[in-house]
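# Geometric and topological summary
Chain by chain, the residues run as shown.
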Amino acid sequence: MISRRKFLLASLLAPAMARAAGSVRFASHPFTLGVASGYPTADGVALWTRLAPSPLDGGGMSPDAVRVAWEVAEDEGFKRMARKGSAMAVPENAHAVHAEVDGLLPAREYFYRFTAGNEVSAVGRTRTTPEEGKGDRLRVALGSCQQYEQGYFVAHRHLAAENADLVVFLGDYIYESSWGRDHVRKHHQPEPKTLAQYRDRYALYKTDADLQKSHAAAPWIVTWDDHEVDNDYADDRSEDLDPDFLARRAAAYKAFYEHMPLRRSVLLAGGGMRIYGALDWGGLARFHILDDRQYRSHQPCPRAGRGGSAFVGEACTDRLDPKLTLLGSAQEKWLDESLAESKAAWNVIVQQTLFVPAGRRNDASALVHWTDSWDGYPAARERLVRSLVERRPANPLIVGGDVHAAMMARVHAEPANPDSPVVATELVTTSITSQGFAAMIGGMKRENPHIQYAQSDRRGYAIVDLEVSKAEARHRVVETVKQADAGIATAAAFALESGRPGWTPQSG
């Protein structure tokens, strides 16, 4: 017997569900933003798309929910089906779809697509991870910093052809602001402040065909940096000291979730998001994914009347305060435990910016430090290095972006002492499009012998090939971001032996 309450509830819901499940019609093709997958496991993966027939004008959808079917197959022609199901695209989430697929086989390539009404999406390629303790090789692509106006996303077109198993995006997926020189295209709206405006900014970026190819080529894992919200923000403080900043941040975070192939577990009860966590690639690699924006202390010694970063000298003693944190105490504790528990052959610490000390000389020849990177939080950096020394995870590799430069570095047990033992290795990828800072990066390289390589005049991405006994890294750079058909080359290559931190330059 069905209760009266359940019967009435079902009667009220039936019309809405009928509209959602019925034969929907769109004014134009709704899958204009492509497809994506992310956060694979040995038996599943998260799939994403968003219905947006008019992507740059709020999406162009009616306020009704729409049922979207998804299919996963072993072949690109969808002859050998593996799994199928459906998910609801609701207006509260901009008609984005997050489908979490399980029941797949480990270490397999799969293909996926979505349908809504009579419309079919593009086909994406994804893969599952090896089983626990297994896996002998992995190709990872690293990307960051893609200011839409400053260049075409030609790097993503080449990245899609690299046959990567996993893409790791290190932040600044969108830019809220317009800046830089020699623009090749324009943001179609002013700087976003509201949820609707952030949704439109993501839609603009995701209409780019090359970015869509990159998403469709492999599963992604992502973290954010500052430009997904506001330049140089720290926790609840914006660069302009906006009194309503937390409302703006919440809108930006929600838009980030709506446009990324994230799992629903990142959403916290009562609101908010936790994007830090671990992803294991069998026994070969553990990715410790960090968030260095949401929980960080305010940058020390800001400019008068401002938030955000600055270059500071020895007069800024606040920089040395041991209470300052880039990750927050809870995330620091989680990372320490994750490193201690890891049995992986490689431990990849996925964070946003340059980790090693990088002080440089200013025009007055005084040594200055940039407070938006780990140099603004040296005690927090020392705590992380101490965790690496004490927990002894195998082969720690710290990867980052943010500084619009390709960099390689040795991480010492005493970060500022190049005579102390090398305990980890760092790789920073250059930007997808965002212009470089040659004078700044060159000054950092001159003053810091632990920085083995630094190049800021080329845009692109990095490829890291991991095996149990070694890692190989290549900085891939495009000829120019001002031409959509530009070619690509390898600017530098490095090798790393298991158990021996520190990069060795390679030819080719």
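Everything quoted here is computed from the prediction, not taken from an experiment.

About the cut-offs
- Residues numbered from 1 in each chain as written.
- Predicted model: local features only at pLDDT ≥ 70, side-chain atom pairs only at ≥ 80, totals over all residues.
- Heavy atoms only, no water.
- Helix = DSSP H or I, 4+ residues; strand = E, 2+ residues; numbered from the N terminus.
- Buried < 20%, exposed > 50% of the residue type's maximum accessible area, 1.4 Å probe, protein only.
- Contact = heavy atoms within 4.5 Å.
- Areas by Shrake-Rupley, 256 points an atom, 1.4 Å probe, with all protein chains shown as cover.
- Lys, Arg positive; Asp, Glu negative; His and termini not counted.
- Charge placed at Lys NZ, Arg CZ, Asp CG, Glu CD.
- Pairing = 2+ DSSP bridges.
- pLDDT = per-residue confidence, 0-100.
- Disulfide = S-S within 2.5 Å.
- Axes fitted to C-alpha atoms, helices over the stretch in contact; angles between N-to-C directions.
- Expected span 1.5 Å × (residues − 1).
- Salt bridge = Lys/Arg side-chain N within 4 Å of Asp/Glu carboxyl O.
- Core = buried A, V, L, I, M, F, W, Y, C linked by side-chain atoms within 4.5 Å.
- Parallel < 35°, antiparallel > 145°, perpendicular 65-115°, else oblique.
- Left-handed = near helix turned anticlockwise from the far one by under 90°.
- Nonpolar A, V, L, I, M, F, W, Y, C, P; charged D, E, K, R; others polar.

### Describing the overall build of the protein chain
Scanning the protein chain from N- to C-terminus turns up 8 helices and 25 strands. Buried positions account for 56% of the 508 residues belonging to the protein chain. Expressed as a percentage of contacts within the protein chain between residues at least 6 apart in sequence, the contacts between residues at least 24 apart total 71%. In the form shown here, the protein chain has an accessible surface area of approximately 20500 Å², with 50% of it arising from carbon and sulfur atoms. Positive and negative side-chain charges of the protein chain, numbering 60 and 64 respectively, have mean locations separated by a distance of 4 Å.

### Topic: the sheet that holds strand E14 (residues 311-312)
On the basis of which strands lie adjacent, the open sheet formed by 3 strands has the order E14-E17-E16 and antiparallel pairing. Both outer strands of the open sheet, E14 and strand E16 (360-361), are each paired with one neighbouring strand and no more. Sheet analysis places E14 next to strand E17 (residues 367-370), joined by 2 bridges and oriented antiparallel. Counterpart to Phe311 in the pairing with E17 is Trp370.

### Thoughts on the confidence of the model for the protein chain
When pLDDT is averaged across the protein chain, the result is 95; 95% of the residues are at 70 or more. Confidence over residues 1-22 falls short of pLDDT 50; this stretch has 9 contacts with residues more than four positions distant or in other chains.

### A closer look at the state of the cysteines
Two cysteines whose sulfur atoms are joined by a covalent bond form what is called a disulfide. If you walk through the whole model with that rule in mind, you get 1 disulfide. What pairs with Cys301 in a disulfide is Cys316, and their sulfur atoms sit 1.9 Å apart. Measuring handedness by torsion sign, the sulfur bridge of Cys301 and Cys316 sits at about 95° and is right-handed. Taken together, the residues span a long stretch of sequence, with Cys301 in the loop between strand E13 (285-289) and E14 and Cys316 in the loop between E14 and helix H6 (329-341) at a distance of 15 residues. The class for Cys301 is partly exposed, based on a relative accessible area of 25%. By relative accessible area, Cys316 is classed as buried at 6%.

### Quick notes on the sheet that holds strand E19 (residues 406-412)
On the basis of which strands lie adjacent, the open sheet formed by 7 strands has the order E12-E13-E15-E18-E20-E19-E21 and mixed pairing. Of all strands in the sheet, those with a lone pairing partner are strand E12 (277-281) and strand E21 (451-455), marking the two edges. Sheet twist, expressed as the average angle between the axes of neighbouring strands with direction ignored, equals 20°. With 4 bridges joining them, strand E18 (residues 396-400) and strand E20 (residues 422-428) adopt parallel strand pairing. When the bridges of E20 are listed, Leu397 appears paired with Thr425. Packing against the sheet, helix H7 (residues 378-391) makes contact with strand E15 (346-350), E18, E19 and E20, and its axis sits at approximately 125° to E20. Helix H8 (residues 438-447) rests against E19 and E21 of the sheet, and its axis sits at about 165° to E21.

### Quick look at helix H3 (residues 195-206)
Taking 1.5 Å as the rise per residue, H3 with 12 residues should run 16 Å; its terminal C-alpha atoms sit 16 Å apart, in good agreement. The buried fraction of H3 is high, at 9 of 12 residues. Within the sequence span of H3, burial applies to Tyr198, Arg199, Asp200, Arg201, Tyr202, Ala203, Leu204, Tyr205 and Lys206.

### Some remarks on the pattern of salt bridges
A full pass over the atoms with the stated rule returns 38 salt bridges. Arg80 is the salt-bridge partner of Glu74, the closest N and O atoms lying 3.4 Å from each other. On the basis of relative accessible area, Glu74 is assigned to the partly exposed category, the value being 34%. Judged by relative accessible area, Arg80 falls into the partly exposed class, the value being 45%. Put simply, Glu239 and Arg306 hold a salt bridge, and the shortest N to O gap is 4.0 Å.

### Section: the environment of Ala96
As for its position among the elements, Ala96 is in strand E5 (residues 96-101). Ala96 gets classed as buried once you look at its relative accessible area, which sits at 5%. For the pair Ala96 and Asp336, spaced 240 residues apart in sequence, the C-alpha to C-alpha distance is 35 Å. Ignoring sequence-local partners within four residues, the contact set of Ala96 consists of Trp48, Thr49, Arg50, Met88, Ala89 and Glu258.

### Here's the deal with the nonpolar core
By size, the foremost hydrophobic cluster in this structure holds 75 residues, and its most contacted members are Leu142, Val168, Leu262, Met273, Phe287, Leu427 and Leu466. Take this core: its biggest share by element is 7 residues, from helix H5 (residues 245-258). Not counting chain neighbours up to four residues away, the residues in contact with Met273 comprise Trp224, Tyr253, Phe256, Tyr257, Leu262, Val266, Leu267, Leu268, Gln294 and Tyr295. If you look at the next biggest cluster of nonpolar residues, it comprises 32 residues, including Trp334, Leu335, Leu388 and Met440.

### Here we look at H7
Helix length check: H7 (14 residues) gives 20 Å between terminal C-alpha atoms against 20 Å at 1.5 Å per residue, within 8%. Along H7, the residues that are buried comprise Pro378, Ala379, Ala380, Arg381, Leu384, Val385, Ser387 and Leu388. Contact partners of the buried residues in H7: H6, E15, E18, E19 and E20. Arg392 lies just past H7 and shows a positive phi near 55°.

### Here's the deal with the packing of H6 against H7
Interaxial distance between H6 and H7 falls to 9 Å at its minimum, and their mutual angle equals 20°. Relative to H7, the element H6 is oriented roughly parallel. As H6 packs across H7, the resulting crossing turns out to be right-handed. Of H7, the residues touching H6 (which contributes Glu332, Leu335, Asp336, Leu339 and Ala340) are Ala380, Arg383, Leu384, Ser387, Leu388 and Arg391. Among the residues forming the contact of H6 with H7, the class breakdown is 6 nonpolar, 1 polar and 4 charged.

### Focus: the packing of H3 against H5
Two elements in contact, H3 and H5, have axes whose closest approach is 8 Å; the angle formed by their N-to-C orientations is 40°. Crossing angle aside, the handedness with which H3 passes H5 is right-handed. Across the interface between the two elements, Leu195, Tyr198, Arg199 and Tyr202 from H3 touch Arg248, Ala251, Ala252, Lys254, Ala255, Phe256 and Glu258 from H5. In terms of residue class, the contact of H3 with H5 is built from 7 nonpolar, no polar and 4 charged.

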